[in-house]
Amino acid sequence: MRTFPIRVSLLSVLIGLSSLALSAQSWDAARQAQGWAKQDKDDSFTFYDPAAKTLYTWSRDGGVLGTVPTGQLDGAPERWVMDPRNDAWVAHGLTLTQLDRTGRSVTSFKLPAGVGDVCWDGKGFVLSFRAPEPYLEKRDFKGALLWSFGAKPSKGDGPAPQHRRPVLMDDAGHVLMVDGNSLNLSVLDGATGRKLSETNFLLAEGQPVPVLEGSLVERGPLAMWPGKGIVFAAVKASQVPAQVRDSLQGLALVRLDLAQSRLEFLATGLDESHLLVGVLDTEAVFVNPKGGLMLVKIK
């Protein structure tokens, strides 16, 4: 697979032209996006700009769609989701805070642990906590708890590894979760939190997929290819099992075909410091550690 930095440059030009028409659009994701984000159903992303202490919601076609100042928070945002009112629900430390579009704090909740990832649907959002064992909560857009899954962490749990377990809402409304060194996905009912199944992927030749190598406490995000039934994950090439690593270097994409139960490792041409944030059309979208977006062709 080849990277296409020229596409990002063209994208920067298009967004630059849009900003001439909309004076508020001085921020450009193609050049300035940093850190974690997750693709929404309308293909928008919300990025955090630490210099401006602001969340920017951006799309490729529309540019900057909205902003939420975060200066009133105690600590930097770690994970967030935009609700139907365009308020931001922001996890920071052990607190979840709802911010309106002006940055005013509407409500706050104490959390049992730090948040490692988040996904959402039209009814609410799912928090995946950093804890020794899997623990998820789904809350509605008023903050009320709808369901929980797993063992709730407590202060007496001790210094065990605090795993980051990425989660994703698939096209059918199921919550998908990865854990540790396994490349399989836990499938939960998005309405109830009940575990429905565990995927069992095979390689193209039909043999079972070996587990990833090394420490996987810090798992990278998952991204859905909308309408395709395919999930992507990004892993370090050094963590790909030696027997299937071949010439992979830097950052590798794992292509998980849910319908066919097939898994494939793909090269990105990027170093391992890039962060997967979503899929647009036929390209995976990564955040460059130096700022901005990189696009990688997928199949």
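If you're wondering where the values come from, they're calculated on a predicted model, not measured in any experiment.

About the cut-offs
Residues numbered from 1 in each chain as written. Predicted model: local features only at pLDDT ≥ 70, side-chain atom pairs only at ≥ 80, totals over all residues. Heavy atoms only, no water. Pairing = 2+ DSSP bridges. Helix = DSSP H or I, 4+ residues; strand = E, 2+ residues; numbered from the N terminus. Axes fitted to C-alpha atoms, helices over the stretch in contact; angles between N-to-C directions. Salt bridge = Lys/Arg side-chain N within 4 Å of Asp/Glu carboxyl O. Buried < 20%, exposed > 50% of the residue type's maximum accessible area, 1.4 Å probe, protein only. pLDDT = per-residue confidence, 0-100. Contact = heavy atoms within 4.5 Å. Core = buried A, V, L, I, M, F, W, Y, C linked by side-chain atoms within 4.5 Å.

### Remarks on the sheet that holds strand β2 (residues 54–59)
Then, in step 1: Sheet architecture is open: 3 strands sit in the order β1-β2-β3, paired in antiparallel fashion. With partners counted over all chains shown, the strands left at the sheet margins are β1 (45–49) and β3 (63–69), one partner each. If you compare each strand with its neighbour and ignore which way they point, the axes differ by 25 degrees on average.
Then, in step 2: Pairing of β2 with β3, which is carried by 6 bridges, proceeds in the antiparallel orientation. The residue bridging W58 from the neighbouring strand is V64, located in β3.

### Side note on the pattern of salt bridges
Then, in step 1: Throughout the structure, instances matching the rule amount to 16 salt bridges.
Then, in step 2: Among the salt bridges present, the one from R139 reaches E137, with a minimum N-O distance of 3.1 Å. The exposure classification of R139 matches that of E137, with both residues buried.
Then, in step 3: Notably, a salt bridge pairs K195 with E198, separated by 2.7 Å at the nearest N-O pair.

### A closer look at the confidence of the model for the protein
Then, in step 1: Across the protein, pLDDT averages 90, with 90% of residues at or above 70.
Then, in step 2: For residues 1–24, every residue scores under 50 in pLDDT, and the model assigns this stretch 40 contacts once sequence neighbours within four places are set aside.

### Some words on unusual backbone geometry
Then, in step 1: With a phi angle near 70 degrees, D43 is a residue other than glycine that sits in the positive phi range.
Then, in step 2: Within the secondary structure, D43 is located in the loop between α2 (29–32) and β1.
Then, in step 3: A positive phi angle is found at N86, which is not glycine, with a value near 70 degrees.
Then, in step 4: Within the secondary structure layout, N86 lies in the loop between β4 (79–82) and β5 (88–92).

### Observations regarding the pairing of strand β18 (residues 251–257)
Then, in step 1: In terms of burial, β18 is a largely internal element, 7 of the 7 residues being buried.
Then, in step 2: Burial along β18 is two-sided: L251, L253, R255 and D257 and A252, V254 and L256, pointing in opposite directions, are all buried.
Then, in step 3: Across 6 bridges, β18 lies against strand β19 (residues 262–267) in antiparallel orientation. When the sheet's bridge partners are listed, A252 is paired in β19 with A267.
Then, in step 4: Between β18 and the antiparallel strand that follows it, β19, lie 4 residues; S261 among them carries a positive phi value of about 55 degrees.

### Here we look at the nonpolar core
Then, in step 1: In terms of nonpolar packing, the biggest core is built from 25 residues, with V254, L263 and F265 touching the most fellow members.
Then, in step 2: Of all the secondary-structure elements, those providing two or more residues to this core are β16 (222–225), β17 (230–236), β18 and β19.
Then, in step 3: The contacts of F265, once residues within four sequence positions are left out, are L183, L203, V240, P241, V244, L248, L253 and V254.
Then, in step 4: Membership of the second largest hydrophobic core comes to 24 residues, among which are M82, W89, F129 and Y135.

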